Amino acid sequence: MFWLLDGIGARDLEWRLGGIGGGAADGGRDLEGRFYMPGADGQIEAKRWWIECKGRAGTVEKDAVTSACNNVLADGTVDCLVIATNTTFSNPTRDWVKTWQARFPKPQILLWDQPVLERMLSDQPSTVLRLFEGGLSSAGYLQAITERFWNLLEYSSIERARRIWAERGTLEIGPMERIALIANEFAHGSIDERPWGGYCTDEEALAACSMAIFNLLFLYTRLMKAGGQQGPIIEAIAYLILATLRHGQSERLQEVMEIALRTEGGEPFPEKVVDLLLGPALDSLRGDLQLVCSCDCDRFSRDDSLKHWERSHPIETYWSRFGRNGAPSNAGDQSYARLERTAEPCRVGFQVDEERSCPLYQIDISIENLTDFFAIAARVLKYRAPTPSRRQTVI
């Protein structure tokens, strides 16, 4: 009942001790909340609701309803009393409520029986998935993960992700599903075991990345309201950008960004807004590439570890995230110091010498030089990541 009320717009929900005492059959535990709605003058008013839950094996007895209605009169601030049950109310009980309501216009009395609750739940798929996820098929789990992410910015258990990965060849995974799955993996620490960005075509990677970029403002706004962690979202977007660049889609990706990062009137977002929305993901992307590309490069030394890479996945398995099968779990912290040998060549072919350092460290990312940065990232991916599969149908 709590999540159903939350889904239909109740706020300030809390459990309270019922007016008939703790010895009631349901322990006297009921819900209290507020609905904010416009009044006669158009101003938003808070309506206080009490909810009495009557779990029964058969029809709710009339005395339970009459007692609830009479008890609520003691508090004149209650605007609505809901009496909810998993079964039914008898006709004499409903007739009594109508007569009582004629005498006492406030509070409004609502009787929610099983058919009413079923109709309400049919309009709240997120609530249904949240409550009954345990009995779902793999397709149902996929929908649950997607609904939870986009509607609630919540993440499902790692067991659900493992099952979906095991049966990925039988499931239809679109852009919204792929984004939710990737964010879930980062929320649990790493995407190396289930590389969703590697198990897709170039068009699927671009579609997921495009949807994520078009929803940047939405996601960050929801994060601020929900008070959630930004880390999984930032890492998911960075990963999707890399997955798209890996397929040689840099020009199309920049076109998407130019379209997405505009106001409703078609004007480009101010540079500060763009940096706020896109900067964290680009910085995360560059930081990852700096570490994994230089970790075995002759120009760099890791003998003295001065910088800690705060990730749960080791650098040795980083490129497996663009494969098709994933890597075994082997969590461990890594650290490094950037000591560059200027006489050594670049392992991926960048023109470097004593004057020119690794471009991954030299470039200062901004919206104006995305072309240069994407070119650098694409070159690293070309030499480092597994070759993209050219299959036409996936998942």
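Further up the page is the structure itself.
Residues numbered from 1 in each chain as written. Predicted model: local features only at pLDDT ≥ 70, side-chain atom pairs only at ≥ 80, totals over all residues. Heavy atoms only, no water.

### Things to note about the pairing of strand S4 (residues 80-85)
For step 1, the next point in the chain: The buried fraction of S4 is high, at 6 of 6 residues.
For step 2, the next point in the chain: The side-chain alternation of S4 yields two buried faces, one formed by Cys80, Val82 and Ala84 and the other by Leu81, Ile83 and Thr85.
For step 3, the next point in the chain: Of the pairings in the sheet, the one linking strand S3 (residues 44-54) to S4 comprises 6 bridges and is parallel in character. Residue Cys53 lies in a different strand from S4, and its bridge partner there is Ala84.
For step 4, the next point in the chain: Alignment of S4 against strand S5 (residues 108-112), held across 5 bridges, turns out to be parallel. Considered in S5, the bridge of Ile83 is made with Leu111.
For step 5, the next point in the chain: Following the chain from S4 across helix H3 (residues 91-103) to the adjacent parallel S5, one finds a crossover that is right-handed. (Buried < 20%, exposed > 50% of the residue type's maximum accessible area, 1.4 Å probe, protein only. Helix = DSSP H or I, 4+ residues; strand = E, 2+ residues; numbered from the N terminus. Pairing = 2+ DSSP bridges. Right-handed = clockwise from strand over helix to strand, strands pointing away.)

### Brief notes about the side chain of His247
For step 1, the next point in the chain: In this structure, His247 sits in the loop between helix H11 (231-246) and helix H12 (250-260).
For step 2, the next point in the chain: Excluding its chain neighbours within four sequence positions, the residues that come into contact with His247 are Cys200, Thr201, Asp202, Ala205 and Pro388. (Contact = heavy atoms within 4.5 Å.)

### So, the packing of helix H9 (residues 202-214) against H11
For step 1, the next point in the chain: At a minimum axis separation of 9 Å, H9 and H11 run at an interaxial angle of 145 degrees. Judged by the twist between their axes, the crossing of H9 over H11 is left-handed. Of the residues in H11, those touching H9 at Ala205, Leu206, Ala208, Cys209 and Ala212 are Ile237, Leu240, Ile241, Ala243 and Thr244.
For step 2, the next point in the chain: Its residues assigned to classes, the contact of H9 with H11 shows 9 nonpolar, 1 polar and no charged. (Axes fitted to C-alpha atoms, helices over the stretch in contact; angles between N-to-C directions. Left-handed = near helix turned anticlockwise from the far one by under 90°. Nonpolar A, V, L, I, M, F, W, Y, C, P; charged D, E, K, R; others polar.)

### A look at the nonpolar core
For step 1, the next point in the chain: Counting 74 residues, the largest nonpolar core has Phe149, Ile241, Met257, Trp319 and Phe374 as the members making the most contacts within it.
For step 2, the next point in the chain: Top element by residues in this core is H11. It accounts for 11 residues. (Core = buried A, V, L, I, M, F, W, Y, C linked by side-chain atoms within 4.5 Å.)

### As for the environment of Phe350
For step 1, the next point in the chain: With respect to the helices, strands and loops of the structure, Phe350 is situated in the loop between strand S9 (339-340) and helix H14 (359-362).
For step 2, the next point in the chain: Among residues more than four places away in sequence, those in contact with Phe350 are Pro359, Ile376, Arg379 and Val380.

### Description of the environment of Gln254
For step 1, the next point in the chain: Looking at the element boundaries, Gln254 is found in helix H12.
For step 2, the next point in the chain: In sequence terms Gln254 and Leu370 are 116 residues apart; their C-alpha atoms lie 7.8 Å from each other.
For step 3, the next point in the chain: If we ignore the near neighbours within four places in the chain, the residues touching Gln254 are Leu370, Thr371 and Phe374.

### As for the packing of aromatic side chains
For step 1, the next point in the chain: If you walk through the whole model with that rule in mind, you get 12 aromatic pairs.
For step 2, the next point in the chain: Seen from their ring centres, Phe373 and Phe374 are 6.2 Å apart, and the 45 degrees between their planes marks the pair as tilted. Neither residue differs from the other here; Phe373 and Phe374 are each classed as buried.
For step 3, the next point in the chain: Among the aromatic residues, those joined into a ring-pair cluster are Phe149, Trp150, Tyr155 and Phe218.
For step 4, the next point in the chain: A cation over an aromatic ring shows up here: Arg168 above the ring of Trp165, its NZ or CZ 3.7 Å from the ring centre.
For step 5, the next point in the chain: Looking at Arg168, its charged tip hangs above the ring of Tyr199, at a distance of 4.7 Å from the centre. (Phe/Tyr/Trp six-rings, centres within 6.5 Å; stacked < 30°, edge-to-face > 60°. Lys NZ or Arg CZ within 6 Å of the ring centre and 35° of its normal.)

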